[in-house]
Amino acid sequence: MKKFSLVEFSVEHPRLIVLLTIIITLAFATQFTKIRTDTNPKSMLPETSDVRVWNDEVEKTFSLYEDMIVVGIENEQGILNTDTLGKVQRITDEILKLKGVAARDVNSFPTITNVTAEAGALRVAPLMSEVPKSADEIKHLRNMLYENPLFVDKIISKDGKTTAIYVPLEKGSNGKEIADQIRGIVGKEKGDEKYYIAGDPVARDTFGVEMFKLMAVFAPIAGMVMLIVRYLMFRDLFLSVALMMDAMISIVWSMGLLLAFGFPVHIMSSMAPVFLMAIATDSIHIFNEFYFRYNEKKDKKTAIIETMKTVSRPVRYTALATAVGFGVLLFMNIIPVKVFGGVVAFGTLALRILSFSFIPAMFMFVKEKHIEKASKDEDVELSGTSRFLKSLAGFGAHKPKTTVFVGLLFFILAIIGITKTVVNNNMVEWFKKDSEVRVADTVMNQALGGTSLAYIVAISDKEDAIKTPETMRYIEGLQRHLEKLPVVGKTTSVIDYVKRINLVLHDGDPKYDVVPETKDTIGQYLFLFSMSAKPSDLDNVVDYPFQKANIWVQLKTWDAQAMRDVIKAVDDYKAGARSALPSQIEFKPAGIAYFNLVWNDEVLSDMIKGFIIALIAVFIILAVNFRSVKWAIVGYTPLLFTILLIYGVVGFIGKDFDMPISVLSCLSLGMAVDFAIHFISRFRQKITENQESVVSSQKSGKDSNLVTRNASLVTDALLWTAARPGKGIMRNAVLFASSFSVMMFASLTPYITVGAFIVSMMLLSAIMTIIYLPALITLLQGWLGLSDECTICRILPFKR
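Student: Could you give an account of the sheet that holds strand 4 (residues 162–169), with specific residues and numbers?
Tutor: Here we have three strands laid out as an open sheet, ordered 4-1-5, and antiparallel in their pairing. Looking at which strands have only one partner, the edges of the open sheet turn out to be strand 4 and strand 5 (194–198). The sheet shows a mean angle of 20° between the axes of neighbouring strands, taken without regard to direction. Here strand 1 (residues 67–74) pairs with strand 5 via five bridges, running antiparallel. Paired with V71 across the two strands is I197, which belongs to strand 5. Contacts between helix 4 (residues 82–96) and the sheet are confined to strand 1, strand 4 and strand 5, with strand 4 contributing the most and set at about 5° to the helix. Packed onto the sheet, helix 7 (residues 200–234) meets strand 1, strand 4 and strand 5 and runs at close to 105° relative to strand 1.

Spelled out as structure tokens, the structure:
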């Protein structure tokens, strides 16, 4: 019974294959109504992760808001004038009316709590109940601002030119939407003031909106670019469209599966369509060989079947290698990365099924006169591209030692560059330097305490432990120690309130700007304050059993390293002031800045783990495909060299390793290995054919010098491989690079980074394959068994 062949079935029943493909695609397309996005950093890690559980506990304990927008108002002539203060009042009033804003806890001049004393009694009231009209009233406001350390660098800059409105958001509110409404509010104001809107929810939700736009725009543009480039290669519009349809179908299947399982679209999965569009270019090897075959056979059906028999093995194994490269991401801890890996792995496998069914079926609809026209240039001797590739391979084959030596020099430089890399995730820096989000964040960080918020939580197992003078002084010392760090702009804790109350109740005498001497006095102060202040004022910094205190740490950067510096400073302080440390008090970091640090470390851990798994998996695939460990090592070398060289360049230029680059470290192995599989597989096919021909000639007495002939066979086969399958490799690389090049024009830097990385990797990998593999094979042909007369009839047991 004849073995079933999907290719032959597709060739015999092309209409049925196309119809089934359309039906399946429509089924997946019905899931697109479920699409939603998620750019919340919390979603990067599972809900059960320690950092998420701890942060949720801290937010609940201290009545904290997950998200806060910071509205900056800058006037070069100074904020403290009637006109600007009136604008602050009006803007604040309008913000309080916005849906999704936690109005009761908005802090600005008109709403922030000011602690003073009148006739020996504590007075807690808003700082600016009405806009000051006279110079004396403005002077009085200035004094209240600068005499209170709780205000300086929080709602007023030291130079008096900048103020801020802190806008906490209710759970589930969209930061981008509220930020846009605030922009509308400030846009109504006229004058010299400049307005800035910053904060994590602004960056996060703005990124989400931009990400969605880019996903919708760049996938079609990438497809159009590929269509144009592909048409220029083959001059056949129908087949060019067919290959683009192959990519679009896989995108619909993959994204439909993602949505069917209820997953939202994250930053990484938003890139999946462009990745699949690019991975689909591997089918170019089928087109490349088909035109060569048709030029030889002049029969469409025969050319299709012979093409698929010839390229089926390398196409299958390149698909497997790519799928494994992405599939490795399923073992990561970062949830969006796991989802992205699964989506693209599935899409890659879908592409290969389509390569053996949909594409052969589409070939059958093309008129032979069009194929005849397109195939005229597919001649190894006549094609300019083939001759150029043959000359590149000839350099490696004829000067193998020089080629390998130069490669080793670059390898050493790459290792040096890699040692200079820093793993860092900073969402604000995912925007371009001139973007509104990044400019606002930069200005606010320079003028005030900082937009990135961390917490250091002091914990005791005893009630009222926080009220003791010893504990309060120790926490105060920690605050002063942290404020020495360049990345820390301001710290705030319950101690600042206690000292402020002590000071004002003693008529502003500087000697009382200290922690009171007794626990009872501290308790009385806190009780009085809680009776008059907003609940959040005290709730945000201490719990009611007084077992936990919360130090707010404002950071001037979103870099993960900043939080690492804070944690180290806490540890150093504890080590240096251990004798003064109250018993049973410990300090634990929390907050969004701490989450970013943990997430950053998870990325580094995942990168190392994933890269090692990918290295092993890809090597095994090469060994199985080539049925030889030696050939696997040879095929492995140029792709590993390519990846290390690119990462070395990243290190030298000072680009941080963020999440997109780290993820690429795993999947790039799967993509870069494709060229090695195609080159070595076709080389081994060719040299087997040539050696069989030589052996036949020797038996018939036509060729007596077998060893000399075998040595030239290796070079001839290498040059043929570079000229014919190598043309497919270069076409693949150019198509792949062209599809990703559109991402370099994105408004978000992760897309630009991924685009530049992939373009560089694919082009360099293709060139390395064409030049470096011939050099290695020539240099190691004895080790590979290619120059031994005794092995000529038994080496390379490779079945086509």
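Student: Any details on the pairing of strand 2 (residues 113–118)? Residues and values, ideally.
Tutor: Sheet topology places strand 2 next to strand 3 (residues 121–126); six bridges connect them, and they run antiparallel. The residue bridging T113 from the neighbouring strand is P126, located in strand 3. Two successive antiparallel strands, strand 2 and strand 3, enclose a turn made up of two residues, where A119 displays a positive phi of approximately 55°.

Student: Break down the pairing of strand 8 (residues 548–555) for me, with residues and values.
Tutor: Along strand 8, eight of the eight residues are buried, which leaves the element largely enclosed by surrounding structure. Here eight bridges tie strand 6 (residues 452–460) to strand 8, and the two strands are oriented antiparallel to one another. Across the sheet, residue A454 finds its bridge partner in strand 8, namely V553. As paired strands, strand 7 (residues 488–492) and strand 8 are joined by four bridges and run antiparallel to one another. The partner of T492 across the bridge, within strand 8, is W552.

Student: Got a sec to walk through the packing of helix 23 (residues 592–626) against helix 24 (residues 629–653)? Specific residues and values, please.
Tutor: Viewed as axis vectors pointing N to C, helix 23 and helix 24 meet at an angle of 140°, and their least axial separation amounts to 8 Å. With respect to helix 24, the element helix 23 is oriented oblique. Read as a crossing pair, helix 23 and helix 24 show a hand that is right-handed. Residues F611, L615, I616, V618, F619, L622, A623 and F626 of helix 23 touch helix 24, and the partners they reach there are V629, W631, A632, I633, G635, Y636, L639, L640 and I643. The residue makeup of the contact of helix 23 with helix 24, split by class, is 16 nonpolar, one polar and no charged.

Student: Lay out the side chain of T163 with the relevant residues and their values.
Tutor: Tracing the backbone shows T163 in strand 4. Classification of T163 by relative accessible area gives buried; the value is 1%. Within the structure, the side chain of T163 is placed 2.5 Å from the backbone oxygen of I155, a separation counted as a polar contact. Those residues in contact with T163 that lie beyond four places of it in its chain are V71, G72, I73, I79, V88, F109, I155, M444 and L448.

Student: Provide a residue-level description of helix 23, including the pertinent values.
Tutor: Here helix 23 is 35 residues long and its end C-alpha atoms lie 49 Å apart, about the 51 Å a rise of 1.5 Å per residue gives. The positive-phi residue at the C-terminal boundary of helix 23 is R627, with phi of around 55°.

Student: Can you explain the packing of aromatic side chains? Please cite residues and give values.
Tutor: Tallied over the full model, the rule gives 17 aromatic pairs. Ring centres of W631 and F683 lie 5.9 Å apart, and the angle between their planes is 50°; on these two criteria the pair is classed as tilted. With W631 in helix 24 and F683 in helix 25 (residues 659–699), the pair connects residues that are 52 residues apart, well separated along the chain. Each of the two residues, W631 as well as F683, counts as buried. Counting every residue linked through ring pairs, the aromatic cluster contains F207, W430, F431 and W599.

Rules behind the numbers
Residues numbered from 1 in each chain as written. Predicted model: local features only at pLDDT ≥ 70, side-chain atom pairs only at ≥ 80, totals over all residues. Heavy atoms only, no water. Pairing = 2+ DSSP bridges. Helix = DSSP H or I, 4+ residues; strand = E, 2+ residues; numbered from the N terminus. Axes fitted to C-alpha atoms, helices over the stretch in contact; angles between N-to-C directions. Contact = heavy atoms within 4.5 Å. Buried < 20%, exposed > 50% of the residue type's maximum accessible area, 1.4 Å probe, protein only. Parallel < 35°, antiparallel > 145°, perpendicular 65-115°, else oblique. Left-handed = near helix turned anticlockwise from the far one by under 90°. Nonpolar A, V, L, I, M, F, W, Y, C, P; charged D, E, K, R; others polar. Polar contact = N/O pair within 3.5 Å; in protein donor to acceptor, adjacent residues only side chain to side chain. Expected span 1.5 Å × (residues − 1). Phe/Tyr/Trp six-rings, centres within 6.5 Å; stacked < 30°, edge-to-face > 60°.

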